[in-house]
Amino acid sequence: PGTDRPRIQRSMLTLWKHARIATCDEQSRVFDRGALLARDATIEWVGAESDLPADVRPDRTIELAGRWLTPGLIDCHTHLVFAGQRAAEFARRTAGTSYAEIAREGGGILGTVRATRAASEDALIEQSRPRLQSLLAEGVTTVEIKSGYGLEFETEARMLRVARRLEAAHPVTVSASLLAAHTLPPEFTGRADDYIAMICEDWLPRLVGLRIDAVDAYCEDIAFSAQQCDRLFTAAKVLGLNVRLHAEQLSNVGGSQVAARHRALSCDHLEYATDADARALARAGTVAVMLPIAFYALAEQQLPPIEALRHHGVPLAVASDCNPGSAPGASLLLAMNMARRL
């Protein structure tokens, strides 16, 4: 007091003990009775509690009583920002109408597009926050959030801004993906090539400043062709952007091969992927993301080729696919459970 000398902050050493610890390191080590030492926000030591250094004098000790301690979970595929809901479509699907049929009638994704276009930025924040908080409560510390319910420049930009505002307001790291090529907007009916050209030549250069981490697309017979996705990814790479792809969910139109050629971060869904697709993804180092909640909610019958993906050494991930249509809800733990069961 009375001087201008800066106050020195003393670091704090915390001991977490009596934990079951899954390290998720290269050795996949698990400690049934483990301990962890952290100095402020940095982990300094982890191992069996019996191996704790004898001279450790922690400033505080946290008793976990056998609870699991793991690295923060990553939900690498979500459509978390949207307005409205599509419960009526679920009822139609359980009565026998397919997801593709509903989409061709103008429902599905386009139903959420109409609601999202009409929502303000603040309204999107309020509707999306509970979904994010649900994931955080399960231990998620990093979440990927896509746009894709705007299909027009201003709404796509609004969704990306909302993703960044959610990140700023919560203890989470957000990876933002531009999914303008989610489905064809009604304004471009019959002109898919023109829509892709507009994204490549106009939208991408203008949206880069919103901190886009990747460009995504839906490669499917009810969405965009392999050739159109290839053009989009070429434009994204010119701007230094990573790419990722929804592919082979309902049919196989060559999406995995496009993803592999562009060394995509991930290729997601993959129910109809082939052994050749698995080989290509392995060579590219692309992660195959399994989305079992969507598989369950759509009552799909064809499982992704898990054994082929494992045989060729394709890295596998599981994500929630949180969205209002095919995977309503926000639970990565449920997705993990379903991946194991299904």
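It should be emphasised that the depicted structure is a prediction, and the values quoted were computed from it without experimental measurement. (Residues numbered from 1 in each chain as written. Predicted model: local features only at pLDDT ≥ 70, side-chain atom pairs only at ≥ 80, totals over all residues. Heavy atoms only, no water.)

J.: For this particular structure, what's the right way to read the overall build of the protein chain?
T.: Helices and strands together make up the secondary structure of the protein chain, namely 12 helices and 14 strands. For 342 residues, the compact-globule formula gives about 20 Å, and the C-alpha radius of gyration of the protein chain, at 22 Å, lands near that figure. Dimensions of the protein chain, computed from C-alpha atoms along their principal axes, come out at roughly 70 × 55 × 40 Å. Each of the 342 residues in the protein chain was classed as buried or not, and the buried ones make up 51%. (Helix = DSSP H or I, 4+ residues; strand = E, 2+ residues; numbered from the N terminus. Rg over C-alpha atoms; globule rule 2.2 N^0.38 Å. Buried < 20%, exposed > 50% of the residue type's maximum accessible area, 1.4 Å probe, protein only.)

J.: Explain the packing of aromatic side chains to me, please; I cannot follow it from the model alone.
T.: Between two aromatic rings, the relevant description is the distance of the centres plus the angle of the planes. For the structure shown, the criterion picks out five aromatic pairs. Consider the rings of Phe82 and Tyr149, whose centres lie 6.2 Å apart with planes at 75°: the pair is edge-to-face. Of the two residues, Phe82 sits in the loop between strand S6 (73-75) and helix H1 (87-94) while Tyr149 sits in the loop between strand S7 (140-146) and helix H5 (153-169), which places them 67 residues apart along the sequence. Take Phe82: its relative accessible area is 6%, and that puts it in the buried class. On the basis of relative accessibility, which here comes to 2%, the residue Tyr149 falls in the buried class. Taking 5.7 Å as the distance between ring centres and 90° as the angle between the ring planes, the aromatic pair formed by Tyr195 and Trp203 counts as edge-to-face. Among the aromatic side chains, those forming a connected cluster through ring pairs are Phe153, Phe188, Tyr195, Trp203 and Phe224. (Phe/Tyr/Trp six-rings, centres within 6.5 Å; stacked < 30°, edge-to-face > 60°.)

J.: Teacher, can you tell me more about the pairing of strand S12 (residues 266-269) here?
T.: Note on strand geometry: in a regular strand, side chains alternate between the two faces of the sheet. In terms of strand pairing, strand S11 (residues 245-247) meets S12 through three bridges, oriented parallel. Looking at the pairing, Ala247 lines up with His269 of S12. Following the chain from S11 across helix H8 (residues 255-261) to the adjacent parallel S12, one finds a crossover that is right-handed. As defined by bridge partners, S12 adjoins strand S13 (residues 287-290) across three bridges and the pair is classed as parallel. Bridging from a neighbouring strand, Cys267 pairs with Ala288 of S13. Regarding the hand of the β-α-β motif, the stretch spanning S12, helix H9 (residues 275-284) and S13 is right-handed. (Pairing = 2+ DSSP bridges. Right-handed = clockwise from strand over helix to strand, strands pointing away.)

J.: Help me understand the packing of helix H4 (residues 121-137) against H5, please; the structure alone is not making it clear to me.
T.: Relative orientation and spacing of two packed helices are given, respectively, by the angle between their axes and the distance between those axes. Packing of H4 against H5 leaves a shortest axis separation of 10 Å and a crossing angle of 50°. Compared by their axis directions, H4 and H5 come out oblique. Here H4 and H5 pass one another in a crossing that is right-handed. On the side of H4, the interface is formed by Glu121, Asp122, Leu124, Ile125, Ser128, Arg129 and Leu132, while H5 contributes Arg158, Arg161, Val162, Arg165 and Leu166. (Axes fitted to C-alpha atoms, helices over the stretch in contact; angles between N-to-C directions. Parallel < 35°, antiparallel > 145°, perpendicular 65-115°, else oblique. Left-handed = near helix turned anticlockwise from the far one by under 90°. Contact = heavy atoms within 4.5 Å.)

J.: Whenever I open this one, H5 confuses me. Can you help?
T.: Side chains that are three or four residues apart share a direction in an α-helix, a result of its 3.6 residues per turn. Between its terminal C-alpha atoms H5 stretches 25 Å, which fits the 24 Å expected from 17 residues at 1.5 Å a residue. Listed in full, the buried residues belonging to H5 are Phe153, Thr155, Glu156, Ala157, Arg158, Met159, Leu160, Val162, Ala163, Arg164, Leu166 and Glu167. Contact partners of the buried residues in H5: helix H3 (109-117), H4, S7, strand S8 (173-181) and helix H6 (192-207). (Expected span 1.5 Å × (residues − 1).)

J.: Sorry if this is basic, but what is going on with H4 here?
T.: The terminal C-alpha atoms of H4 lie 24 Å apart, and with 17 residues this matches the ideal 24 Å at 1.5 Å per residue to within 8%. Along H4, the sharpest change in direction is near 35° and occurs at Ser128; proline Pro130 comes one to four residues later. Here H4 has its buried residues at Glu121, Leu124, Ile125, Ser128, Arg131, Leu132 and Leu135. As for H4, its buried residues are in contact with S6, H3, S7, H5 and helix H12 (332-341). Directly beyond the C-terminal end of H4, a positive phi value near 100° is found at Gly139. (Bend = angle between axes of the 7 residues up to and from the residue.)

J.: Teacher, can you tell me more about the environment of Val172 here?
T.: Note that Val172 resides in the loop between H5 and S8. The contact partners of Val172, leaving out residues within four places of it in the chain, are Leu132, Leu136, Thr141, Thr142, Val143, Leu166 and Glu167.

J.: What is the right way to look at unusual backbone geometry in this model?
T.: Most peptide bonds adopt trans geometry, and most residues besides glycine take a negative phi value. Non-glycine residue Leu151 carries a positive phi angle of around 55°. With respect to the helices, strands and loops of the structure, Leu151 is situated in the loop between S7 and H5. A relative accessible area of 3% means that Leu151 is categorised as buried. We note that Glu248 has phi near 55°; this positive angle belongs to a residue other than glycine. Since its relative accessible area comes to 0%, Glu248 is described here as buried.

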